[in-house]
Amino acid sequence: MSNAIVMRPLVSLALPQGGVARFAAQAALVVAGTLILTIAAKTRVPLGLVDINLGTLAVMGLGVAYGWRLALVTLIAYLVEGAAGLPVFQGTPERGIGLAYMMGPTGGYLVGYIAAAVIAGWAADRGFDRNPLKLGAALLVGEALVLGLGFAWLATLIGAEKAWLGGVAPFVYGDLVKVALVAVAAPAVWSLFSAFGAKK
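These numbers come from a predicted model, not from an experiment. (Residues numbered from 1 in each chain as written. Predicted model: local features only at pLDDT ≥ 70, side-chain atom pairs only at ≥ 80, totals over all residues. Heavy atoms only, no water.)

## Remarks on the packing of helix α2 (residues 55-66) against helix α5 (residues 107-125)
Here is step 1 of the chain: Running from N to C, α2 and α5 point in directions that differ by 35 degrees, and their axes come no closer than 7 Å. The two elements α2 and α5 cross, and the hand of that crossing is right-handed. Counting all contacts with α2, which are made through Gly55, Thr56, Val59, Met60, Gly63 and Val64, the residues of α5 involved are Tyr113, Ala116, Ala117, Ala120, Gly121 and Ala124.
Here is step 2 of the chain: Along the lines of polarity and charge, the residues of the contact of α2 with α5 split into eight nonpolar, four polar and no charged. (Axes fitted to C-alpha atoms, helices over the stretch in contact; angles between N-to-C directions. Helix = DSSP H or I, 4+ residues; strand = E, 2+ residues; numbered from the N terminus. Left-handed = near helix turned anticlockwise from the far one by under 90°. Contact = heavy atoms within 4.5 Å. Nonpolar A, V, L, I, M, F, W, Y, C, P; charged D, E, K, R; others polar.)

## Some words on the UniProt feature "transmembrane region" (unreviewed entry) in the chain
Here is step 1 of the chain: UniProt marks residues 20-40, 52-79, 99-123, 135-159 and 179-198 with the feature "transmembrane region" (unreviewed entry), using the numbering shown here.
Here is step 2 of the chain: Taken end to end, residues 52-79 has its terminal C-alpha atoms 19 Å apart, with 86% of it in helix and 7% in strand.
Here is step 3 of the chain: Here residues 135-159 is 96% helix and 0% strand, with 33 Å between the C-alpha atoms at its ends. (UniProt positions renumbered as here; feature names shortened; annotations may be inferred.)

## Structural notes on the packing of α2 against helix α3 (residues 68-83)
Here is step 1 of the chain: Where α2 meets α3, the axes come as close as 7 Å, and the angle between the chain directions of the two elements is 140 degrees. Judged on the interaxial angle alone, α3 and α2 are oblique. Here α2 runs over α3; the crossing is right-handed. Two secondary-structure elements touch here, α2 through Val59, Leu62, Gly63 and Tyr66 and α3 through Trp68, Leu70, Ala71, Thr74 and Leu75.
Here is step 2 of the chain: In the contact of α2 with α3, the residues fall into seven nonpolar, two polar and no charged. (Parallel < 35°, antiparallel > 145°, perpendicular 65-115°, else oblique.)

Printed below as a string of structure tokens:
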């Protein structure tokens, strides 16, 4: 028997308790999540091979707010949209669309997004989103996977040294700031809800 304590993610406070209404609300959240991811991906600072954008911030934020299951579905939906040719990624359509783009320099990071969202959601499901230190540690693991998978894929295309210099090093400090923002913001939001009587 597992001793893990499963708690509700933030979004559960707004979901109907069951039935068709709950499913419809979750479907709407998935669509909204893919729109958030698209906007975050398009908000970028060009650097070269891989640009800085708000994608990882959105991924972590959705994971914490949605919980791992809904976050996973949202990230898969986002990647399916991209694979189908919708211009949802940071470099689409100017650098290609669909699977051709996904197999390019950012492919590893996109896979890493799934891992990061699931880890952030898993942490939220266990109440880590009430504790900035615990949540921050979990988010760091997710962020490390994003950069690690991105580096591994990019290294197969351009070599390890160039992959490190162009695909990891420029992003470390910015990503640490994003981790800190989510780790601090989530407990603050929960405190706000608690102050208005929301149940934990």
